[in-house]
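# Close look at the chain arrangement
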Amino acid sequence: MPKIHPETKVLIIKRLKTRSTADVADTFNVSQRQVQRIKKTFEDTGDVFDKPRPGRPRKTTAREDCWLARKSKASPFSTAAELHETWSPEVPVSTRTVCRILSQNGLHGRISAQKPALNKRQLKNCVAFAKAHSLLKGWTLEKWKKVDFSDESSVELHHSRRKYCRRPTGARMDPRFTQKTVRFGGGKIMVWGYIQYGGVREICRVEGNINSLKYQEILATSYIPNHKRGQILQQDGAPSHTSISTSKFLKAKKIKMLQDWPAQSPDMNIIEHMWGRMKEKAWKTKPKNIDELWEACKTAFFAIPDDFINTFYESLPNRMDAVLQANGSHTRYYIWISQHHYLIC
């Protein structure tokens with residue numbers, strides 16, 4: 001029997017003042033029994049709305065629910081099944097009930113974020129860098145615009161990012177619903193790139209490992225030709241970046257460096273956004289070999305809108321504040337995806 005809307009019930013009561021039950025039932029396309037029930041409800045309560053129903057009685061007490069929530073907070077990585085084993089309410093409940101009680105207490109099951117472990121020295125260096133490059137020290141957006149962010153990244157041919165699917169019960173191993181994997185990712189490429197405010201960018205493919213000489217060659221062919229006077233190059237503390245020969249090379253080319261860049265700080269290096277977006281777009285083309293993967297990466301890298309880059313430059317003052325508030329630890333700007341970092345703003 002279809003449920004009648006409260007507004008329709010009000011109209012039925014009004015019509016019953018001048019018309020019969022049968023006529024009203026025909027007018028609103030409902031049964032006479034429904035009209036009679038609505039009329040009786042109105043006569044008894046003076047209203048046409050349904051009373052709230054109590055529903056199924058709770059199996060657990062509020063005290064038991066609080067104990068379960070405290071247990072979950074004390075051990076956040078315990079599953080609902082594990083909590084269920086250690087929990088002994090007066091009335092037996094299912095694991096699903098445990099999940100529901102935890103959700104009602106604001107404790108939802110989520111995939112935990114994976115982040116690099118930071119030691120005390122690294123945390124201290126992050127705080128020191130953020131303080132030295134905060135708004136209080138004069139690092140406004142205009143000053144950040146002069147910084148060119150650079151980095152290397154490896155891209156696998158077949159990524160191992162988890163995929164969700166909807167499948168019937170018992171079809172977990174059906175080939176239609178399984179994600180195909182290749183050992184060692186099916187091969188990978190190494191790329192180096194840099195970005196500037198306004199959308200200027202460059203990317204190049206790197207063969208083999210990057211040593212000091214190879215890094216200097218990359219800079220000579222992919223960065224220095226586009227380098228503008230007054231621009232500052234940001235790079236991480238990789239040995240090839242900080243070696244004596246590379247330092248002499250940069251000094252000879254009169255390239256100013258962003259000093260004291262802290263280790264393990266993807267939250268602050270905005271080019272990580274580019275790698276995340278580039279990989280996402282490149283993998284969607286389903287390249288068959290590493291040469292096709294390189295072409296897909298290059299196309300995706302240069303197709304990223306300039307506004308995308310500018311947005312993250314504009315977030316840099318807030319990033320420094322976020323690092324300070326987190327005492328050098330990871331911030332909301334950082335998320336781990338697949339084999340590389342991907343950040344959000």
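Residues numbered from 1 in each chain as written. Predicted model: local features only at pLDDT ≥ 70, side-chain atom pairs only at ≥ 80, totals over all residues. Heavy atoms only, no water.

The name given to the chain in an unreviewed UniProt entry is Tc1-like transposase DDE domain-containing protein, with Perca fluviatilis as the source organism.

According to the stated counting rule, one finds 2 cavities of 30 Å³ or more in the structure shown. What the largest cavity holds in volume is close to 50 Å³. Every residue lining the largest cavity is listed: Leu118, Cys126, Gln264, Ser265, Asp267, Met268, Val323, Gly328, Ser329 and His330. Class assignment for the residues of the lining of the largest cavity results in 4 nonpolar, 5 polar and 1 charged. (1 Å grid on protein atoms, 1.4 Å probe; cavity = no way out; pocket = protein on both sides within 12 Å on 5 of 7 lines; lining within 4 Å. Points joined across faces, edges and corners; volume = space filled by probe spheres on them. Nonpolar A, V, L, I, M, F, W, Y, C, P; charged D, E, K, R; others polar.)

Let us now look at the confidence of the model for the chain. A residue-level look at the chain finds 91% of positions with pLDDT of 70 or above and a mean pLDDT of 86. For residues 335-345, every residue scores under 50 in pLDDT, and the model assigns this stretch 45 contacts once sequence neighbours within four places are set aside. (pLDDT = per-residue confidence, 0-100. Contact = heavy atoms within 4.5 Å.)

Attention now moves to the packing of aromatic side chains. What characterises a pair of aromatic rings is the spacing of the ring centres plus the angle enclosed by the ring planes. Enumeration over the complete set of coordinates arrives at 11 aromatic pairs. With centroids separated by 5.7 Å and ring planes inclined at 75°, the aromatic side chains of Phe149 and Tyr313 adopt a geometry described as edge-to-face. Taken together, the positions of Phe149 in strand β1 (residues 147-156) and Tyr313 in helix α14 (residues 306-314) put the pair 164 residues apart, joining distant regions of the chain. The exposure classification of Phe149 matches that of Tyr313, with both residues buried. Each ring, one from Phe308 and one from Phe312, has its centre 4.8 Å from the other, and the planes form 75°; the classification is edge-to-face. Residue Phe308 and its partner Phe312 are both found in helix α14; the two are separated by 4 residues, about one turn of the helix. (Phe/Tyr/Trp six-rings, centres within 6.5 Å; stacked < 30°, edge-to-face > 60°. Helix = DSSP H or I, 4+ residues; strand = E, 2+ residues; numbered from the N terminus. Buried < 20%, exposed > 50% of the residue type's maximum accessible area, 1.4 Å probe, protein only.)

Further remarks concern the side chain of Asn310. Inspection of the secondary structure assignment puts Asn310 in helix α14. When neighbours within four sequence positions are excluded, Asn310 is seen to be in contact with Tyr197, Gly198 and Gly199.

The next point concerns the environment of Arg229. Position of Arg229 among the secondary structure elements: in the loop between α9 (212-223) and β4 (232-234). Look at Arg229 and you get exposed, because its relative accessible area is 88%. When the C-alpha positions of Arg229 and Lys254 are compared, they lie 8.8 Å apart, and in sequence the two are 25 residues distant.

Among the secondary structure elements, Ile189 is positioned in strand β2 (residues 188-195). Among the residues examined, Ile189 registers a relative accessible area of 4% and is labelled buried. Once residues within four sequence positions are removed from consideration, Ile189 is found in contact with Ser153, Ser154, Val155, Arg205, Ile290, Leu293, Trp294 and Cys297.

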